Amino acid sequence: MAEDPQPAAPAAAPTAAEGKTLRWQIGSSALQVLEHVYTMEPFPGLETRRDLARQLNVSARQVQVWFQNKRQRERKISKQMGLFSTPGLPDPPATTAAKAAASAGNSGGGAGSSSADGKAAGDGGGAAAPAGTEAVAAAAAAAGGSD
């Protein structure tokens, strides 16, 4: 006669000891820093993300995902408000195509939206966003934190 196998024990909740990362609980001070950097730079570069990760004691990937999620939330809110695009973020290709189609239907054969120097509207001329490390330092100063 074959013996009945022992029932498998239920799997325990993942712990850091098992090599799985626990979910990041973002504290209010960390959230202030992230929000401040986002207002200055919605698409932070690798060095900025690494600096933030060191400052917040998390991985650069966690910081990257936070920024991706934040941008997506902004787009969702803009869409719910009926806006054609999200201020401060580039338009997705579908929105760009829709704008082009709408302006093509409204244009009277004019010269378009180029300036006297040949640049298209929106090219240069604006203030540059702070570079990576400066954005992190400014966010830390605004949040009242220090390294």
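Our structure is the block above this text.
Structural notes, computed from the coordinates. Remember, predicted model here, so these are calculated numbers, not experimental data. For every chain, the first residue of the written sequence is number 1, and numbering continues from 1 onward in sequence order. Since the coordinates come from a predicted model, pLDDT governs what is reported: local features require at least 70, and pairs of side-chain atoms require 80 or more to be given and counted, while whole-chain, interface and lining totals use all residues. Hydrogens and water molecules were not included; the side-chain quantities draw on all heavy atoms of the structure.

Looking only at helices and strands, the chain features 5 helices and 0 strands. Secondary structure is summarised from DSSP: a helix means a run of H or I of at least four residues, a strand means a run of E of at least two, and numbering begins at the N terminus for each. Reading the helices (α) and strands (β) of the chain from amino to carboxyl end gives α-α-α-α-α. A total of 147 residues make up the chain; the buried ones form 20% of that total. Surface accessibility of the chain: about 10,600 Å² in total, with carbon and sulfur atoms responsible for 55%. Note on exposure labels: buried denotes an accessible area under 20% of the residue type's maximum, exposed denotes more than 50%, and partly exposed covers the range between, all computed with a 1.4 Å probe on protein chains only. Accessible surface is estimated by sampling points in the Shrake-Rupley manner with a 1.4 Å probe; for residues, cover comes only from the protein chains shown.

What follows concerns the packing of aromatic side chains. When the centres of two rings from Phe, Tyr and Trp lie within 6.5 Å, Trp using its six-membered ring, the rings pair. Their planes under 30 degrees apart give stacked, over 60 give edge-to-face, and anything left gives tilted. Under the counting rule described, the total for this entry stands at 3 aromatic pairs. Summarising the aromatic geometry, the rings of Y38 and W66 are spaced 6.4 Å apart at their centres and angled 85° between planes, so their arrangement reads as edge-to-face. Of this pair, Y38 sits in helix α1 (residues 28-40) while W66 is found in helix α3 (residues 60-80), placing the two residues 28 residues apart along the sequence. The burial state of Y38 is the same as that of W66; both residues are buried.

With the exception of glycine, most residues fall at negative phi, and the peptide bonds are largely trans. We note that N57 has phi near 60°; this positive angle belongs to a residue other than glycine. Mapped onto the elements, N57 comes out in the loop between α2 (46-56) and α3. Assessed through its relative accessible area of 69%, N57 is described here as exposed.

Multiplying 1.5 Å by the helix residue count minus one yields the expected span of that helix. If you check α3, its first and last C-alpha atoms are 30 Å apart, about what 21 residues at 1.5 Å a residue would give, namely 30 Å. Here α3 has its buried residues at V63, W66, F67, K70, R71 and S78. When α3 is viewed along its axis, its buried side chains cluster within an angular range of 130° and face the same direction. Counted as exposed and oriented over 90 degrees from the buried face of α3: K76, K79 and Q80. Note on definitions: a residue-residue contact is assigned when non-hydrogen atoms from the two residues lie within 4.5 Å. For α3, the elements touching its buried residues are α1 and α2. Picture the helix axis, draw a direction to every C-beta atom, and the arc is the one those directions span.

On to α1. Between the first and last C-alpha of α1 there are 19 Å, a value that for 13 residues agrees with the 18 Å anticipated at 1.5 Å per step. All of the buried residues along α1 are A30, V33, L34, V37 and Y38. End-on, the buried residues of α1 take up no more than an arc of 135°, which puts them together on one face. α1 presents S28 and T39 as exposed residues on the side facing more than 90 degrees away from its buried surface.

A few words on the nonpolar core. Here, nonpolar core means buried Ala, Val, Leu, Ile, Met, Phe, Trp, Tyr and Cys residues that are tied together by side-chain atoms lying within 4.5 Å of each other. In terms of nonpolar packing, the biggest core is built from 13 residues, with L34, Y38, L52, L56, V63, W66 and F67 touching the most fellow members. Breaking this core down by element, the ones donating at least two residues are α1, α2 and α3. Of all the elements, α1 adds the most residues to this core, at 5 residues. In this structure V63 touches L34, R49, L52, A53 and V58, once residues within four positions along its chain are discounted.

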